[in-house]
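Observations on the model geometry
Residue-level listing of the chains:
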Amino acid sequence: MLKKCILFGLFGLFAISALNAQKYFTREGKVSFFSDAKVEKIEALNKTATSVYDAETGKMEFAVLVKAFQFEKALMQEHFNENYMETDKFPKASFKGTVSDFKAVNLAKDGVYPVKVKGQLTMHGVTKEVETEGKFTVKGGAVSATSAFIVAVADYGIEIPALVRDNIAKTVKIDISVGYQELKKGS
Amino acid sequence: MKKHLYPLFMALALTLAALPLFSQEDLLSLLGEEEETTDYAKASFKTSRVINLHSLENTASGVLDVKISHRFNTVQNGLYDFFGLDGANLRIGFEFGVSDRLAVGFGRSNYEKTLDSFAKYKILRQSKGKRNMPITLVAFGSVAMQTLKWANPDRDNHFSSRLYYTGQLILGRKISEGFSLQLSPTIVHRNLVATFEESNDVYALGIGTRIKLSKRMSINFEYIYVLPDQLAPQFVNSLSVGLDIETGGHVFQLHFSNSRIMVEKGFIAETTNKWEDGGIHFGFNISRVFTIVRPPLD
């Protein structure tokens, strides 16, 4: 009898914790970058970033398939993959971090919540600590998040040859925009 | 009864404590296996030519590639004619990517005032992931037309005598990041040949390869084996070696070759110079791409 009680209790608990997990996810996050150099502006967009946000702990993760960045010019895209990001060697870029003031965010209530995010950004095989600001927007129950930050390409071991120094900026701006869905077990 | 509840609470407390541990490690793994995507091999060659031969790469969709090519005289006369640079065969060509698979192009060479046009279709594309394909297979067809004045206008001349056709399969693979290899079984059809001994159809097998020296430079080799007893004895197989240099939007292909004609019927079936006799031509192809149709980003 007692054993049954404990088992039921545990099952009940798991069930409840699953319901209250308050995790959010997307597979269609948008990540874009801009390089604004003297001669040329370069822009690329990736619409297949995956991300999970745990509202209970403030933890946040992103993974981006680097090959899925789309450029206006096919040759730029080829060079991006071949010469700069070396996507055959380093197919993914990722971010693992924490929303530091997550407790101030109430995703159940409409509003705009500015937050600070801190964590580790990995791309081109190099991991660096990054810190940035972003915001959660809750509108009609739909949760979305945006952020923008600047990355110095040299920090990630990406070389820009002298020949194209005026075409590619030393720092690129990265914009993140994701619409989150609640993560339910089995989804 | 109270005594019985105690272990239950303990168990609950322990479970609660343990719960965050389950969810902490890797959030993304909660999403389960990612959907696999097809990853096509890109940039097996820097441009759509190995040297003279078409490579297995096409001009990208919506992109115009303007090619300016020169083949100079042989280097053997030295400084007198500046290692051949005093005289040149040239071709100016335009290639356009109609889709990811189809490219078309045309060009004009001063050799025999030749116009040429081609279509190139990727039947198979090397890929891994969701769809696994070990090779790229391209079907290539071209028509060349020489537009010289008739050598003998009094004779009964047919327009068709000006035409040359080439059919080719290009079968290749980017074997590693730095090494690509392709085979090009080819048939060249000449409507008119000079002598009875020469066949109208010429079968040949081209082999082309690229070895990357750095991210932006590669060495290319190309050899075209013409099956025996098809050509007059003065014609030899074409052998070329080149260096590809890629800058922003340009590819510079510098090479040495015993062929001097830049259309298929010429370098495959009308190469006369021999490497061993110093019959080597310096030459280059310069490719500049322009994006004509931009794919929408959003």
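Look up: the structure comes first, before these words.
Quantities reported herein were computed from a predicted structural model and do not represent experimental measurements.

A tally of helices and strands in chain B yields two helices and 14 strands. Against the 2.2 N^0.38 benchmark of 19 Å for 298 residues, chain B shows a C-alpha radius of gyration of 28 Å, more extended than a compact globule. Taken along its principal axes, the extent of the C-alpha atoms in chain B is 120 × 45 × 40 Å. Out of the 298 residues in chain B, the part that is buried amounts to 33%.

Right, let's get into the overall build of chain A. For chain A, the helix and strand inventory stands at two helices and nine strands. Ordered by position from N to C terminus, the α and β elements of chain A give α-β-β-β-β-α-β-β-β-β-β. The proportion of buried residues among the 187 residues of chain A is 28%. Looking at chain A alone, contacts between residues at least 24 apart form 58% of all its contacts between residues at least 6 apart.

All names here are of chain B. If you trace the 12 strands once around the closed barrel, you get E2-E3-E4-E5-E7-E8-E9-E10-E11-E12-E13-E14, paired in antiparallel fashion. Taken pair by pair, the neighbouring strands of this sheet meet at an average axis angle of 20°, ignoring direction. Alignment of strand E10 (residues 201–212) against strand E11 (residues 217–226), held across nine bridges, turns out to be antiparallel. The residue bridging Ala-204 from the neighbouring strand is Val-226, located in E11.

All names here are of chain A. One ladder, built from 13 bridges, connects strand E6 (residues 111–123) with strand E7 (residues 126–139); its direction is antiparallel. Across the sheet, the residue bridging to Gly-119 is Val-130, located in E7. Counting the residues that bridge the hairpin from E7 to strand E8 (residues 142–152) gives two residues, and of these Gly-140 lies at a positive phi of roughly 55°.

Residues and elements named next belong to chain B. On the secondary structure map, Leu-148 appears in the loop between strand E7 (136–146) and strand E8 (163–176). Judged by C-beta crowding, with 10 C-beta atoms within 10 Å, Leu-148 ranks as exposed. Taking C-alpha positions, Leu-148 is 8.1 Å from Thr-114, a pair spaced 34 residues apart along the chain. Aside from chain neighbours lying at most four places away, what touches Leu-148 is Glu-112 and Lys-113.

All names here are of chain A. Positive phi values are uncommon outside glycine, yet Glu-86 reaches one of about 45°. On the secondary structure map, Glu-86 appears in the loop between helix H2 (74–84) and strand E5 (92–99). Even without being glycine, His-124 reaches a positive phi, approximately 50°. Within the element layout of this structure, His-124 appears in the loop between E6 and E7.

Counting 43 residues, the largest nonpolar core has Tyr24(A), Tyr53(A), Val64(A), Phe80(A) and Tyr180(A) as the members making the most contacts within it. Of all the elements in the fold, those that place two or more residues in this core are strand E1 (23–36), strand E2 (41–54), strand E3 (59–65), H2, E5, E6, E8 and strand E9 (171–182) of chain A. A per-element tally of this core places E9(A) first, with five residues. In contact with Tyr53(A), not counting residues within four places along its chain, are Lys23(A), Tyr24(A), Met60(A) and Tyr180(A). Counting 14 residues, the second-largest nonpolar core is a separate cluster that includes Ala204(B), Val226(B), Val263(B) and Ala269(B).

Thresholds, definitions, all that
Residues numbered from 1 in each chain as written. Chains lettered and ligands numbered in written order. Predicted model: local features only at pLDDT ≥ 70, side-chain atom pairs only at ≥ 80, totals over all residues. Helix = DSSP H or I, 4+ residues; strand = E, 2+ residues; numbered from the N terminus. Rg over C-alpha atoms; globule rule 2.2 N^0.38 Å. Buried ≥ 20, exposed ≤ 12 C-beta atoms within 10 Å, placed from the backbone. Contact = placed C-beta atoms within 7 Å. Pairing = 2+ DSSP bridges. Axes fitted to C-alpha atoms, helices over the stretch in contact; angles between N-to-C directions. Core = buried A, V, L, I, M, F, W, Y, C linked by C-beta atoms within 7 Å.

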